[in-house]
Amino acid sequence: MTTRYWAASLPVGQGSSASSLWSRLQESISKQAFDTALYRFNIPNLRVGTLDSLLALSDDLLKSNNFIEGVSHKIRRQIEELERLSGVVSSSLTVDGVPVDSYLTRFAWDEAKYPTMSPLKEIVDGIHVHIAKIEDDLKVRVAEYSNVRSQLNAINRKQAGSLAVRDLSNLVKPQDIVTSEHLTTLLAVVSKYSQKDWLSSYETLTTYVAPRSSKKLHEDNEYALYTVTLFSRDADNFRTKARERGFQVRDFEYNPETQDSRKQELEKLTQDQETLRSSLLQWCYTSYGEVFSSWMHFCAVRVFSESILRYGLPPSFLSVVLSPSIKNEKKVRSILEGLCSSSNSTYWKTEDEGGMAGFAGDADAHPYVSFTINLI
C-alpha cells in the first residue's frame, strides 16, 4: 500500500477545460515521471459563502487536519498493537469494505452524509465533532482494556518472579501444611547454593522444630522453597534465627477459599482481557474506516476552499491525487508548476514578493494548491 499522497489542484485557464488540463497532466507525468500514480480527485461544487467566511475557515483548516490525521494514526497504531498481541495477521484496513488507499484514489463525495448545500464551516465543524467523539470513545475503551491488562500483568509478575517475591499460593498444597493447636508450618526461601546448609541446620536453629519436617516444594534459578514444622510459640524465634543464617521465612497462610478466589480472579481477568481486546480491535477497524472517510471529505473541503481563495470564482480548477516516488518529487513539482498559468506562477512563487505563498500553513510555497496526505 502506498502510504504518502499529494492532494493538489491546478487552475483551469480561460479557453481551457478541466478535461484538457487533465489530459496534459497525464501526458506530462507519463513522459517525465511514469512511476507516479495519478488520479482525479472528484470534488463537487460546494457552497462557497462569503470571502470573509472562507478566509476565516482557512485559518482552522491546517489545525483541524492535524487533529483528524492524528486520530487516524492513533487508531491505526492501536490496531497494530492489538493485532500483534492477539497474533492476528495484519489485515488491510478498509472503508466500507474498500481498502483505504483505493477509497482515496477513487474518492466519491457522500452527499447523504455531507450535503453539498451545507455551509463549508458546518461540514468542517461536523467532521471535527464526529472525530472528537470517536477519539473520546477510543480513550475510554483503551483505558478499560489497559486497566484489566495491568491487573493481569501484576498477578502474572507475582507468579513469575523469584521465590523471594512471587506469590506462593499456587505452589503450596493442603497436605504441605500442618496446622494444629500447637504446631505450625513455615515456608523458608533458601538460596539454591545453601540447601545443604539448610538441611543440616534447620532442626537446630531453635529448640522446638519437628525433626525431618522440612520438605522441598519448588525450585527456581535462584532459590528453593522448603517447609518446616515447629511449635507455634517458637515461630517468631525461628524466623529471627533463620534470617541470621541467610534464610528467608515468607509470611504465608494457607486458605482454600483465598486460593479459589485468586484462581477465579485470574481466570476472569484473562477472559475479560481477551473479550476487551477482541471488542476493541473490532471497534478500531470500524472506527478507522469512519475516521478515514471523514478525513478524505475534509481534505476535499480543504482543496476546494484553498483553490477558491487562490484561483477565484467561479470554481475552475482540476483537483488530483498523486503519489510520486521520492526521486521524482522535484520533477513532478516542476510539471505541476509548468501547467499553472504564468500569472499564477509569478504571483504565488514567494512570500518576499508579496504573494500568498505558504497559504494555510503549508511548509512549501507552490503556485498551485498542494498538501501531503500521510496514511501512516
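What counts, and at which threshold
- Residues numbered from 1 in each chain as written.
- Predicted model: local features only at pLDDT ≥ 70, side-chain atom pairs only at ≥ 80, totals over all residues.
- Heavy atoms only, no water.
- Helix = DSSP H or I, 4+ residues; strand = E, 2+ residues; numbered from the N terminus.
- Rg over C-alpha atoms; globule rule 2.2 N^0.38 Å.
- Buried < 20%, exposed > 50% of the residue type's maximum accessible area, 1.4 Å probe, protein only.
- Contact = heavy atoms within 4.5 Å.
- Areas by Shrake-Rupley, 256 points an atom, 1.4 Å probe, with all protein chains shown as cover.
- Lys, Arg positive; Asp, Glu negative; His and termini not counted.
- Charge placed at Lys NZ, Arg CZ, Asp CG, Glu CD.
- Salt bridge = Lys/Arg side-chain N within 4 Å of Asp/Glu carboxyl O.
- Pairing = 2+ DSSP bridges.
- Axes fitted to C-alpha atoms, helices over the stretch in contact; angles between N-to-C directions.
- Parallel < 35°, antiparallel > 145°, perpendicular 65-115°, else oblique.
- Left-handed = near helix turned anticlockwise from the far one by under 90°.
- Nonpolar A, V, L, I, M, F, W, Y, C, P; charged D, E, K, R; others polar.
- Phe/Tyr/Trp six-rings, centres within 6.5 Å; stacked < 30°, edge-to-face > 60°.

Draft legend 1. Summary view of the overall build of the protein chain. Scanning the protein chain for helices and strands turns up nine helices and ten strands. Its C-alpha atoms give the protein chain a radius of gyration of 35 Å, more than 25% over the compact-globule value 21 Å for 376 residues. Dimensions of the protein chain, computed from the C-alpha atoms along their principal axes, are close to 110 × 40 × 35 Å. Relative to its 376 residues, the protein chain shows a buried fraction of 45%. Long-range pairs, those at least 24 residues apart, make up 80% of the contacts in the protein chain with a sequence separation of at least 6. Element-wise, carbon and sulfur atoms account for 49% of the exposed surface of the protein chain, whose accessible area totals about 19,700 Å². Seen as two clouds, the 43 positive and the 47 negative side-chain charges of the protein chain have centres 5 Å apart.

Draft legend 2. Spotlight on the pattern of salt bridges. Tallied over the entire structure, the rule returns 15 salt bridges. The salt bridge involving Glu-329 is made with Arg-4; its shortest N-O contact spans 2.8 Å. Here Glu-329 is found in helix α8 (residues 329-338), whereas its partner Arg-4 is found in strand β1 (residues 4-11), with 325 residues between them in sequence. Note on Glu-329: relative accessible area 25%, which makes it partly exposed. Here Arg-4 falls in the partly exposed class, since its relative accessible area comes to 22%. A salt bridge links Glu-80 to Arg-76; the nearest nitrogen and oxygen atoms lie 3.9 Å apart.

Draft legend 3. Focus on the sheet that holds strand β9 (residues 317-323). Judged by pairing direction, the sheet is antiparallel, and its four strands sit side by side in the order β2-β9-β1-β10 without closing on themselves. With one partner strand each, in any of the chains shown, β2 (37-40) and β10 (369-374) form the two edges of the open sheet. Averaged over all pairs of adjacent strands, the angle between strand axes in this sheet comes to 25°, irrespective of strand direction. Sheet contacts for helix α1 (residues 18-32): β1, β2 and β9; angle to β9, the most-contacted strand, approximately 25°.

Draft legend 4. Quick peek at the packing of helix α2 (residues 51-86) against helix α4 (residues 120-160). Taken N-terminus to C-terminus, the directions of α2 and α4 make an angle of 25°; their axes are 10 Å apart at the nearest point. For the element pair α2 / α4, the angle class is roughly parallel. The hand of the α2/α4 crossing is left-handed. Grouping the amino acids of the contact of α2 with α4 by side-chain chemistry returns 18 nonpolar, three polar and five charged.

Draft legend 5. View of the environment of Trp-6. Tracing the backbone shows Trp-6 in strand β1. Taking the C-alpha atoms as reference points, Trp-6 and Leu-38, 32 residues apart in sequence, are found 9.6 Å from one another. With residues near it in sequence (within four places) discarded, Trp-6 still touches Val-320, Val-321, Leu-322, Pro-324, Glu-329, Val-332, Arg-333, Leu-336, Phe-371 and Thr-372.

Draft legend 6. Fine view of the packing of aromatic side chains. Throughout the structure, instances matching the rule amount to 13 aromatic pairs. Ring geometry for Trp-198 against Tyr-226: centres 6.1 Å apart, planes inclined by 40°, an arrangement best described as tilted. Of the two residues, Trp-198 is situated in helix α5 (residues 195-201) and Tyr-226 in strand β7 (residues 223-231); the sequence distance between them amounts to 28 residues. Taking relative accessible area as the criterion, Tyr-226 reaches 4% and is therefore assigned buried. Aromatic pair Tyr-288 and Phe-292: ring centres 6.1 Å apart, planes at 25°, arrangement stacked.

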